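# Coordinate inspection notes
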Amino acid sequence: MRIGVLGTGNMADALAAHWVRAGHEVTIGGRDADKAKRLAMRVGGSAKPAGLRGAAEFGQVVLVALPFDAGAAVAGELGAALDCKVLLDCSNPVGPGFRLLTEGGASAAQQLAAAAPGAHVVKAFNLCHEDVWRMRPPVFDGRPLGVPVCGDDDASLARVHELVRDVGCVPVVAGGLERAGLLEATAALFIALWVEEGADVQAIAPPLAYAAGPTPSPQEE
């Protein structure tokens, strides 16, 4: 598929590299033409540089790899260029002290949807550091990483699920876009636990079989 990338930072670099290797056409857009050109050259393959509008117009899927405080503003500037596109939001609205900047209001993904009402916004790829997305593939203890995905449009979700698989991960259906705020809050909590406490958050949740309590043995039934 054709993928436009808004942004020239680490998330743009990490994800675009996977998608180029998977055979997708990628256009990387930034306000700084030199940065966009350098990133396209580093990613290689089909990757081409452009401005933000050029990347938005090119992509069937448009990755918004921008800071939280810039995403909605850029989407508003691009306007109709994003109509009918899948707008993939990987941002985290996390501020000083690992505080959730959207607390009590619309999630970052919902703010993006409000700024680009003609697009189909999907939330994904926000729970891990960019270095995890650089892994080929992100597999831990023999198990591929699961990537929660939130969105309201079935066709858009199917496209993003394909892109998750192309990174070497497993898409996890996480509900509609109204649940994107839960993913963002989870990221804020995880980052705080990782950085402040050095905690292994994988150890927090029990295996699926025990999620609702242990399964009773035949003798107990």
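Attention in this report is confined to the structure presented alongside it. None of the values given here were measured: they were computed from a predicted structure.

Estimated volume of the largest pocket: approximately 1,200 Å³. Forming the walls of the largest pocket are 35 residues, and the residues nearest its centre are Leu-127, Gly-146, Pro-148, Phe-190 and Gln-202. For the lining of the largest pocket, the secondary structure elements donating two or more residues are α6 (130-133), β10 (143-144), β11 (146-151), β12 (170-173) and α8 (180-197). Looking at the lining of the largest pocket, the element that brings in the most residues is α8, giving five residues. Broken down by class, the residue content of the lining of the largest pocket amounts to 26 nonpolar, five polar and four charged. In terms of lining residues, the second largest pocket is bounded by 19 residues, among which Met-11, Cys-90, Asn-92, Cys-128 and Glu-130 are the most central. At the level of elements, α1 (10-21) and α8 are the ones that each hand at least two residues to the lining of the second largest pocket. Among the elements that make up the lining of the second largest pocket, the one with the highest residue count is α8 (four residues). Class assignment of the residues belonging to the lining of the second largest pocket gives a composition of 13 nonpolar, five polar and one charged.

Bringing the pairing of strand β4 (residues 61-64) into the picture now. With burial as the criterion, each face of β4 is covered, one bearing Val-61 and Leu-63 and the other bearing Val-62 and Val-64. Sheet topology note: the β4/strand β5 (residues 86-89) ladder contains four bridges and is parallel. Across the sheet, the residue bridging to Val-64 is Asp-89, located in β5. Remark: the β4/helix α4 (residues 68-78)/β5 crossover connection has right-handed handedness.

This brings us to the nonpolar core. Membership of the largest hydrophobic core comes to 36 residues, with the highest contact counts inside it found for Trp-19, Ile-28, Leu-88, Phe-125 and Trp-133. No other element matches α1, which puts seven residues into this core. In contact with Trp-19, other than residues within four places in its own chain, are Ile-3, His-24, Val-26, Leu-63, Leu-88, Phe-125, Leu-163, Asp-166 and Val-167.

The next point concerns the pairing of strand β1 (residues 2-6). Most of β1 is tucked away, with four of its five residues classed as buried. Both β1 and strand β2 (residues 25-29) contribute to a ladder of five bridges, which runs parallel. When the bridges of β2 are listed, Gly-4 appears paired with Thr-27. Following the chain from β1 across α1 to the adjacent parallel β2, one finds a crossover that is right-handed. Sheet analysis places β1 next to β4, joined by four bridges and oriented parallel. If you follow Gly-4 over to β4, its bridge partner there is Val-62.

Parameters at a glance
- Residues numbered from 1 in each chain as written.
- Predicted model: local features only at pLDDT ≥ 70, side-chain atom pairs only at ≥ 80, totals over all residues.
- Heavy atoms only, no water.
- 1 Å grid on protein atoms, 1.4 Å probe; cavity = no way out; pocket = protein on both sides within 12 Å on 5 of 7 lines; lining within 4 Å.
- Points joined across faces, edges and corners; volume = space filled by probe spheres on them.
- Helix = DSSP H or I, 4+ residues; strand = E, 2+ residues; numbered from the N terminus.
- Nonpolar A, V, L, I, M, F, W, Y, C, P; charged D, E, K, R; others polar.
- Buried < 20%, exposed > 50% of the residue type's maximum accessible area, 1.4 Å probe, protein only.
- Pairing = 2+ DSSP bridges.
- Right-handed = clockwise from strand over helix to strand, strands pointing away.
- Core = buried A, V, L, I, M, F, W, Y, C linked by side-chain atoms within 4.5 Å.
- Contact = heavy atoms within 4.5 Å.

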